[in-house]
Amino acid sequence: MITRMSSLFVRTLRDAPADAEVPSHRLLVRAGYVRRIAPGVFSWLPLGYMVYRNVERIVRAEMDKAGFQEVHFPALLPREPYESTGRWTEYGDNLFRLQDRKGGDYLLGPTHEEMFTLMVKGEYSSHKDLPLVIYQIQTKFRDEARPRAGILRGREFVMKDSYSFDVDDAGLRASYLRHRDAYVSTFDRLGLEYVIVSATSGAMGGSASEEFLAPTESGEDTYVRCTACDFAANVEAMVTPVPPVSDASGVPAAHVEQTPDTPTIASLVEVSNARADLRRPDRDWSAEDTLKNVVFMLTDVDGGRRPLAIGLPGDRDVDIKRLEAAVQPATVEPFEESDFTRHRELVKGYIGPGALGETGTSGIKYLLDPRVVAGTRWITGANTAGQHVYDLVAGRDFSADGVIDVAEVREGDACGLCGAPVTLARGIEIGHIFQLGRKYAEALGLKVQAENGELVTVTMGSYGIGVSRAVAAIAEQHVDDKGLVWPREVAPADVHIVATGKADEPFEFAETLCEELDSRGVRVILDDRRGVSPGVKFNDSELIGVPTIVIVGRGLVDGLIEVKDRATGERVDIPVASITDYLVDLVQG
RNA sequence: CGGGGCGUAGCGUAGUGGCUAGCGCGCCUGCUUUGGGAGCAGGAGACCGGGAGUUCGAAUCUCCCCGCCCCGACCA
């Protein structure tokens, strides 16, 4: 295929729009790949659409290779199936809803578990039909509260979503692993650097789950990686190791102290160190010695509200994302002034274990951070304004209703598997695979007859790749100060030929070369613009980011063509006689 | 939805009450130029986000609305 710059529908921009911040967004706009239409909604221009289609083609090829079968659903869907699974309401404001002329409710599909489940239910009824994997590449709609970063997070985007159907858990695990393998080859082929991390299953429900994250500054997900073993997890799925029970035999009995005006951890530590009667003989108190008790208000799917108290070391905050992941599908809000007035037994700034717990005075469920093991010694609130308890020992002086691992994760925290320090990094979620289980099959009645004749509920897996997002993720990982640097297979062309000079010869030669390459299956962009200065063409070629740039210009009189590698900047002069073969080898070899 | 910032031509921007809203890029015409975003000359392009108000006079001041971007709570 030949793309001629003289007639290509594109206009490159010297300046990026002021509102574009992340590199992929700035460059995709500058190079004339995409244009914004509405918040989180983008159009693809010819160059962008070429890249998009390449990514889609690779994803499709890898799915087909894995033996998955492609189907296609509408984006416009009726309400009923989503009503059956509760997601019509559960999805909340993120769902684009609309009505037809008769007032019937419809939605624009945010994901298609329901439709796939029903499709299989409509066709199959025997265990002999399974396992089955079907997929589609579809435009999805989610009315995101905050679209951002260009096509990295849009409200309309393209996703490849597949679903596996198995009779039993062993089958589900096998289908899951087949997908994992297929995703590995897909992302390798797309030229993406990625890590596979343990994840929580989010709003979809289900158990085992992993995410494919493309490490990038502009990524939205934070993940931890162990410096010693191969543990990697989304922070939401981080597991804090439980320290051994500590010996508290030497700790004096708990005692309440007057500590006026110490409603914060910082003030409490300061006062405790400043006063001789409170000072610790061996060392200064630090925030880690205090037990902070934070209260949240949870809202269940049915609208019911219940408070939840969490006790954790005072130097840590609760990570709301981790908390939501731990209590989902319930949603979390901070405890507000009005909630405190309703719970008089909770003294803001001085809440202690004494008032908490299902059997305590408040009756509020109380969960502890894993670090608060039996035998640990704490300073904590005494449930009276201006008073704290010292030498309160977990297990000896107080207990809770259970453990919850939702404290913020920090660089250097201990790995849940081996105990070595972990590092934190950010990444773009480009793929997510998980074992859904029977949630949807149950809700929609997808059963098959087993060998013994009994009806069994099918177990499902759900697997997604953000196709349009992958374009942005690839761009994000393949840029330099001059522009985009596409991996060959997704690039809009294999070579970008720039003809320069005033004379006709370079242009005529470039045209011939271009046709020869085209006839041998090389995709080429030809900059055949006359009267455009060489600097403009060089800059455009670098901005557009095709992997190989060929310059036909002043070297031609000596029989030489310059070939430049976009990524490394290396240049070589190739004799005219062998240039076609050289390029074909470069591209196809 | 909470916090912060911003709306002037396709893009980047100047303009804190005073004449016909200025500049760069890009675009059109002509001549020159042709290996790193060329030069000269001449052009086209703006309901200054919208509405109301204050004023002799508003891009500029006031109020309301709308939109956008960034950071947080959701997700491919």
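The following refers to the structure shown. (Residues numbered from 1 in each chain as written. Chains lettered and ligands numbered in written order. Predicted model: local features only at pLDDT ≥ 70, side-chain atom pairs only at ≥ 80, totals over all residues. Heavy atoms only, no water.)

Throughout the structure, instances matching the rule amount to 36 salt bridges. A salt bridge links E515 to R4, with the nearest nitrogen and oxygen atoms 4.0 Å apart. Taken together, the positions of E515 in helix α12 (residues 505–519) and R4 in strand β1 (residues 2–4) put the pair 511 residues apart, joining distant regions of the chain. Among the residues examined, E515 registers a relative accessible area of 42% and is labelled partly exposed. Two residues, R322 and D405, come together in a salt bridge whose shortest N-O distance is 3.6 Å. With R322 in helix α8 (residues 320–327) and D405 in the loop between β21 (402–403) and β22 (422–437), this pair connects stretches of sequence that are 83 residues apart. Salt bridges sharing common partners tie together R57, E62, K65, R189 and E489. (Salt bridge = Lys/Arg side-chain N within 4 Å of Asp/Glu carboxyl O. Helix = DSSP H or I, 4+ residues; strand = E, 2+ residues; numbered from the N terminus. Buried < 20%, exposed > 50% of the residue type's maximum accessible area, 1.4 Å probe, protein only.)

So, about unusual backbone geometry. With an omega of 5°, the peptide bond running from L130 to P131 counts as cis. Assignment of secondary structure puts P131 in the loop between α5 (113–123) and β8 (132–141). One non-glycine residue, A149, lies in the positive phi region at around 55°. Following the sequence through the fold, A149 ends up in the loop between β8 and β9 (156–166).

Our next topic: the protein's contact with RNA strand B. Around RNA strand B, the structure places 54 residues, and the nearest of them are R14, A18, P39, E324 and E542. Interatomic distance of 2.3 Å between a side-chain N/O atom of E542 and a base nitrogen of RNA strand B. Secondary-structure elements contributing two or more residues to the surface near RNA strand B are β9, α8, β22, α13 (534–544) and β31 (560–565). The class makeup of the residues in the surface near RNA strand B is 18 nonpolar, 12 polar and 24 charged. (Near = heavy atom within 4 Å. Polar contact = N/O pair within 3.5 Å; in protein donor to acceptor, adjacent residues only side chain to side chain. Nonpolar A, V, L, I, M, F, W, Y, C, P; charged D, E, K, R; others polar.)

Judged by pairing direction, the sheet is antiparallel, and its 3 strands sit side by side in the order β14-β20-β19 without closing on themselves. Strands with a single pairing partner mark the edges of an open sheet, and in this sheet they are β14 (255–258) and β19 (377–381). Here the average twist between neighbouring strands, direction ignored, is 25°. (Pairing = 2+ DSSP bridges. Axes fitted to C-alpha atoms, helices over the stretch in contact; angles between N-to-C directions.)

A separate point is the packing of α12 against helix α14 (residues 579–588). For any two helices packed against each other, one specifies the inter-axial angle together with the distance between the axes. Direction vectors running N to C along α12 and α14 enclose 45°, while the axes themselves pass 10 Å from each other. Taken together, the axis directions place α12 and α14 in an arrangement best described as oblique. Seen from above, α12 lies across α14 with right-handed handedness. Only I579, T580, L583 and V584 of α14 make contact with α12, whose side of the interface consists of F509, L513, E516 and L517. (Parallel < 35°, antiparallel > 145°, perpendicular 65-115°, else oblique. Left-handed = near helix turned anticlockwise from the far one by under 90°. Contact = heavy atoms within 4.5 Å.)

Moving on to helix α6 (residues 169–189). Given a rise of 1.5 Å per residue, 21 residues ought to cover 30 Å, and the 30 Å separating the end C-alpha atoms of α6 matches this to within 8%. If you follow the buried residues of α6, they end up packed against α2 (46–65), β8, β9, β11 (209–215), β22 and β25 (459–466). Positive backbone phi, at 80°, marks G191, one or two positions downstream of α6. (Expected span 1.5 Å × (residues − 1).)

A separate point is the environment of R344. Following the sequence through the fold, R344 ends up in the loop between α9 (337–342) and β18 (365–368). A relative accessible area of 65% means that R344 is categorised as exposed. The spacing of R344 and D565 is 221 residues in sequence and 70 Å in space, taken between C-alpha atoms.

The values reported here are purely geometric and, on their own, carry no functional implication.
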